[in-house]
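Spelled out from the first residue to the last, the chains are:
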Amino acid sequence: MTLRGIFYPYFVSSVMGLLLKISDVWKSFGNVVANEGVSMEVRSGEIVSLLGPNGAGKTTLVMQIYGELKPDKGKISLLGKSPTDSLVKRRMGVIPQECSPYSDLSVWDNVYYAGRLKGVKGHVLRTTAETLLQRLGLWEKRNSLADELSGGMRRKLLIGMALINQPDFVVLDEPTVGLDPSSRREVWDLLQELRKEGKGILLTTHYLDEAEKLSDRIYFLNRKVIYAGTPAEIKEKFSDWYEVVDYSTGKSIRVRGTR
Ligand SMILES: Nc1ncnc2c1ncn2[C@@H]1O[C@H](COP(=O)(O)OP(=O)(O)OP(=O)(O)O)[C@@H](O)[C@H]1O
């Protein structure tokens, strides 16, 4: 069975339209302001990327989206409810940045138990697990311990665990870090397939090529949203800007080139 075949009934019953709405969210840690009045949206059938340098506040924002942190100010509505709502948690898939599978469980058991924890069972659980592992190139490794996998394979296993409940909304914090080019493409294909089935996907990335290739919209974040637009709009706006590093101060400067 294809992923499309499995996911389609969920798509039909999922909330259409606006899945995530973030309105004027602020979050600080002591004196450090990580998010400053951030507003953004993700709709069903969209891949949206958060792009920004180290320390830009991407992880802080996604942790608030999956209910791990609470905004100091502002509102996050996910599937029409609060991110901490237990029903919302069952309908979303998350891959946090710092996270690994259970090292002493097999690949199959990791995916299987992630499904059980999210209330999936029986035939649906087994079929979805098999389809995901095939799609992620992990089927041959299903009996290996997660500990025996390469870093890239462990990352793909986490993606399988996040998708086992056939979520309506998926948050991935740097999903392709550590993957080789062909594994990256496999993950990209899978995300594009999920988009076609009507899922809303939010990912953080450092890679402009990844954001450009996958996204319907990109939000440039540096504490606040610096710019938001489609990849084509961003290409047009920034195509003649260059980043130059001043090695005497370590600072980077944006300069406009001549066409
Ligand atoms: N628990 C915390 N306590 C104190 N400061 C924190 C905490 N979490 C994040 N910060 C600070 O908030 C700012 C934003 O960090 P965050 O991890 O959200 O950025 P990021 O864009 O995800 O970075 P990276 O791309 O390196 O993962 C940084 O200055 C960071 O040091």
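Residues numbered from 1 in each chain as written. Predicted model: local features only at pLDDT ≥ 70, side-chain atom pairs only at ≥ 80, totals over all residues. Heavy atoms only, no water.

Draft legend 1. Summary view of the site of the ligand. Near the ligand, the surroundings consist of 14 residues, among which Asn54, Gly55, Lys58, Thr59 and Thr60 are the closest. One of the backbone nitrogen or oxygen atoms of Gly57 is found 3.0 Å away from an oxygen atom of the ligand. Here the ligand has 640 Å² of accessible area as a free molecule, and 61% of this is covered by the chains. For the shell around the ligand, the element with the most residues is helix 2 (residues 58–65), which contributes three residues. (Near = heavy atom within 4 Å. Polar contact = N/O pair within 3.5 Å; in protein donor to acceptor, adjacent residues only side chain to side chain. Areas by Shrake-Rupley, 256 points an atom, 1.4 Å probe, with all protein chains shown as cover. Helix = DSSP H or I, 4+ residues; strand = E, 2+ residues; numbered from the N terminus.)

Draft legend 2. Representation of the sheet that holds strand 2 (residues 32–43) within the structure. Read from one edge of the open sheet, three strands run 2-1-4, paired in antiparallel fashion. Edge positions in the open sheet fall to strand 2 and strand 4 (73–78), since each of these has one partner strand only. Averaged over neighbouring strand pairs, the angle between their axes works out to 15 degrees when direction is ignored. When strand 1 (residues 18–29) meets strand 4, the two strands line up antiparallel, connected through five bridges. Directly across from Leu20, in strand 4, lies its bridge partner Leu78. Contacting strand 1, strand 2 and strand 4, helix 2 crosses the sheet at an angle of about 125 degrees to strand 1. (Pairing = 2+ DSSP bridges. Axes fitted to C-alpha atoms, helices over the stretch in contact; angles between N-to-C directions. Contact = heavy atoms within 4.5 Å.)

Draft legend 3. Representation of the layout of surface pockets within the structure. Its boundaries defined by the atoms lining it, the second largest pocket holds a volume of some 590 Å³. Surrounding the second largest pocket, 25 residues form its lining, Val94, Pro96, Lys118, Met161 and Ala162 being those nearest its centre. Counting residues per element, the lining of the second largest pocket draws most heavily on strand 5 (residues 92–95), which supplies four residues. Residue classes in the lining of the second largest pocket are distributed as 14 nonpolar, five polar and six charged. (1 Å grid on protein atoms, 1.4 Å probe; cavity = no way out; pocket = protein on both sides within 12 Å on 5 of 7 lines; lining within 4 Å. Points joined across faces, edges and corners; volume = space filled by probe spheres on them. Nonpolar A, V, L, I, M, F, W, Y, C, P; charged D, E, K, R; others polar.)

Draft legend 4. The arrangement of the side chain of Glu36 in detail. By the element assignment, Glu36 lies in strand 2. Residue class for Glu36 comes out buried when judged on its relative accessible area of 17%. Among the polar contacts made by the side chain of Glu36, one reaches the side chain of Arg223 at a distance of 3.0 Å. (Buried < 20%, exposed > 50% of the residue type's maximum accessible area, 1.4 Å probe, protein only.)

These values are about where atoms sit, not about what they do.
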